[in-house]
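# Topology and contacts: notes
Listed here are the chains, written in short residue letters.
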Amino acid sequence: MAIPGNYLSTTTETVDPNTSGWVAKSNCAISKGTGGRSGDGTLKLTSSAAGEMQARTVASYPVTVGTEYHAFADASGATVPDRIGIRWLNSSSTEISISWGVTTASASAAWHRIAVADLAPATAVSAQVVVSCVTPAGSGVIGAFENVYLGLPVRTAGNLLAFDTESLERNTSGWAVESNCTISRTAPMAQWPVDWYWAGGAMLTATVTANGNASVKTVEKPAATAGVEYQGYAYLNPPTAGSTCWVELRFYDASDVQLSATRANLSAPGTGIYRQKVSAVAPASTAYAQLACGITSGTAAQVFRVDTAVIATAPVLREGSVVPYADASFEKDVAGWSVISGVATLARLTPWGTDSLDEGYSMTVTSSTATTSVVRSAVFPIGDAAGLAFTAEYGMKVASGGFNLTRTIRWYDASGSFLSASSGSAAAVPSPNWWLLSAQFTAPANAAKAAIEWTLVATSTSSVLRVDKVSLWESLPLVDVTTNDSEAYVTLTLRELPVDAYLTVWRRTSDGNRTLVRGPNGLIDSELIASSLLVVEDYEAPLGVPVDYYAEGRNSSNVVTATRDSATVTLEAGDEQYGWLKDPGNPQRNCHVMIARAPDWQRSISQAEYRVRGRRDSVIHSDVRGGLEGDLVVYTQTDDERIRLNWLLDSGNILLWQVAPGMGEEDVYAAVGQVASPRGGGVASDPWRVWTLPLKQVDNPTTVGVSGSAGRTWQDILTEYPTWQAVLDAFDTWEDVMFNRRNS
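Report follows, based on the coordinates. For clarity, every value in this text was computed on a predicted model and none was experimentally measured.

Here M53 is to be found in strand β4 (residues 53-57). The class of M53 is buried, set by a relative accessible area of 0%. Considering only alpha carbons, one finds M53 and G401, 348 residues apart in sequence, at a separation of 60 Å.

Right, here's the structure in full:
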């Protein structure tokens, strides 16, 4: 799949099926290589002589002076290091300069990420990507590149930190030395997944000055809100497997006085690059947050590296869960969990990446004897919960021995006084592998807080249980379906879906027909999901026709692991003199219009007539008959309606025409030809227009996704722009703001 937001064509990005997007710039010949990851093709550079060899994109891409741009690629070169650059061109396509990324620390035949970012300089109107293999010793040296990107910075959605702090592709200006080190940028030979675009290239490199602790911190302190749980994380590259590197989340008040600091140590399994998370609730009076990274008991000249720094609101592992991330994922320690009775001990499973369901760690419960232990969480607020059902869910894996488990939810009032406990029957924790176990109980009167409790009976000595991904949430219906008649769509909500399942969602009518429902990536057909909650707004549901929805989740072995059936709903058809023109990919542009005349449909056919000599009747060979063609005539009655219909038609996208039942028409996907919109007559100021829309029926556009801003938040706007005037200057419409379409 093409890299989102890439200015480069798919052919230029992937070098498939050919190298037409590239040209040699200096000291090399280019050809198509093989063995790529985003498709088999690669851009193969072969040096002509000793010295640096470079290739560039054939096309140049418009840029705006002062705007920051980002380029990256995956590279492979067994003999020489490599780098990537952005070549800035003026209005006469003359080179102004090249902004180069950091040259890789060494040569490597393994695919590794190279990257650069910089501001477009004065007089720049366009840019090209340049890839380089640095100083081959002679002719015949080969370097390869693929998965190439040029565009606006790729940054983590919701990150409170600016791109130049999150990423080190431009400079180190987002970071400062806190103690006992110097900082620079280097590009270690790091391989990243081909579709992971948020890390790689340059890393912040801190060199310890003298034996002892050393640390760096972000220069900026973004605004934060008291009572909100935040997560901080960074990719850390420790100097040795035994080094104690860490990430720390700090909160400050309005006077810049530090209120708290929460540190999570990386338990590194080696000298690779590992993402270490930490989370904490911002204390009272919080105004700002900051991220720091460091090493404990470092040795002089040791180097630790940092990349992709993020401060954001902490994730919720199950929609509606009241369990803080620290208590749910165990990235720092065991948080608020404790052993109430028995010999069991609790610890964070180390090193990083040993075994978990979420991120790098899980919690281990170890019982040295075959006895009973009780393990309990902290107490979590659940609101006015009397009479409501709650579900506790947790991943468990028996690492050795065995356990019988009794699942309990303990209830407390608003002051924290214990009310009662709800428990199920004891049962063995399944084995082997990870299992998601749950318990559901109804809260008693006055319940306002709850805790999760497990009674664990070890069935043998030295029994070990691993726990991860803990959640507690109000039990809501697995399926909700509602109609919005004014905008003519149905909202489908699916809950408690198995994460990482392949989901398919159909709309069903009473005649048994099933139609795939559209999501952000096109029709939802065996689509891998990353969340237990899915909300779909179905703008293509028919008017006045009863429909229901069926969803099916399958695992990687194509085994059905979950199904969902909805109730039946019907969108009101409304006035039969009106119909809807809808853009399946951009429902914000949909128009409700008055129909002047429905099309007089025609269906063309390709035929060849053969006149046989001496025979009266012709021989006719026909292709299949084509789809519907005809002119739809509609009215707009106000200037606002006229502007809105023009907005819908501007894109030239495939549209859906829908009308009320009884008109003898089915819903039609159609391309719209040349449009006429004469005035309706009367005085010159009459706002009425009569639109003639030539429609030609086409297939349902299966790959068109519903445009949305799931990967973009208001926090991104606040981080990227210093003032609202800067936002207004950068975008023409609020739709452009949502989709990050700048007016460059």
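Another point: the nonpolar core. Core analysis: the largest hydrophobic core is formed by 40 residues, its most contacted members being Y394 and W454. Contributions of two or more residues to this core are made by α3 (325-329), β24 (363-367), β27 (389-400), β28 (403-412), β31 (435-442), β32 (449-458) and β33 (463-474). Once you skip the residues sitting within four places of it in the chain, W454 turns out to touch W337, M363, S373, V374, V375, Y394, M396, L405, T406 and V467. One finds A202, A264, F304 and A309 within the second-largest nonpolar core, a separate group that totals 37 residues.

Turning to the environment of R642, a few remarks are in order. For R642, the position within the fold is in helix α4 (residues 639-650). For R642, a relative accessible area of 24% corresponds to the partly exposed category. Here the alpha-carbon distance between R642 and A328, two residues 314 residues apart in the chain, equals 52 Å. Leave out the neighbours within four places in its chain, and R642 touches T636, R689 and W691.

Okay, the pairing of strand β17 (residues 244-252) next. Burial runs high along β17: 8 of the 9 residues are buried. The sheet contact formed by β17 and strand β18 (residues 258-267) spans 9 bridges and is antiparallel. In the sheet register, Y252 faces β18, and the bridge partner there is Q258. Two successive antiparallel strands, β17 and β18, enclose a turn made up of 5 residues, where D256 displays a positive phi of approximately 65°. In terms of strand pairing, β17 meets strand β20 (residues 288-298) through 9 bridges, oriented antiparallel. Each bridged residue has a counterpart across the sheet, and for L249 the counterpart in β20 is L291.

Where strand β44 (residues 578-582) meets strand β45 (residues 591-597), 4 bridges bridge the pair, whose relative direction is antiparallel. Bridging across to β45, W580 finds its partner in H592. Where β45 lies against strand β49 (residues 628-636), 3 bridges are found, and the strand directions are antiparallel. Its bridge partner being in β49, M594 is matched across the sheet by Y635.

Right, let's get into the state of the cysteines. A covalent bond between the sulfur atoms of two cysteines is referred to as a disulfide. Going through the model one piece at a time under the given rule, you end up with 0 disulfides. In this structure C28 is a free cysteine whose sulfur lies 8.2 Å from that of C133, the closest cysteine sulfur available. With no disulfide of its own, C293 has C245 as its nearest cysteine by sulfur position, at a separation of 9.0 Å. For C293, a relative accessible area of 0% corresponds to the buried category.

Calculation rules
Residues numbered from 1 in each chain as written. Predicted model: local features only at pLDDT ≥ 70, side-chain atom pairs only at ≥ 80, totals over all residues. Heavy atoms only, no water. Helix = DSSP H or I, 4+ residues; strand = E, 2+ residues; numbered from the N terminus. Buried < 20%, exposed > 50% of the residue type's maximum accessible area, 1.4 Å probe, protein only. Core = buried A, V, L, I, M, F, W, Y, C linked by side-chain atoms within 4.5 Å. Contact = heavy atoms within 4.5 Å. Pairing = 2+ DSSP bridges. Disulfide = S-S within 2.5 Å.

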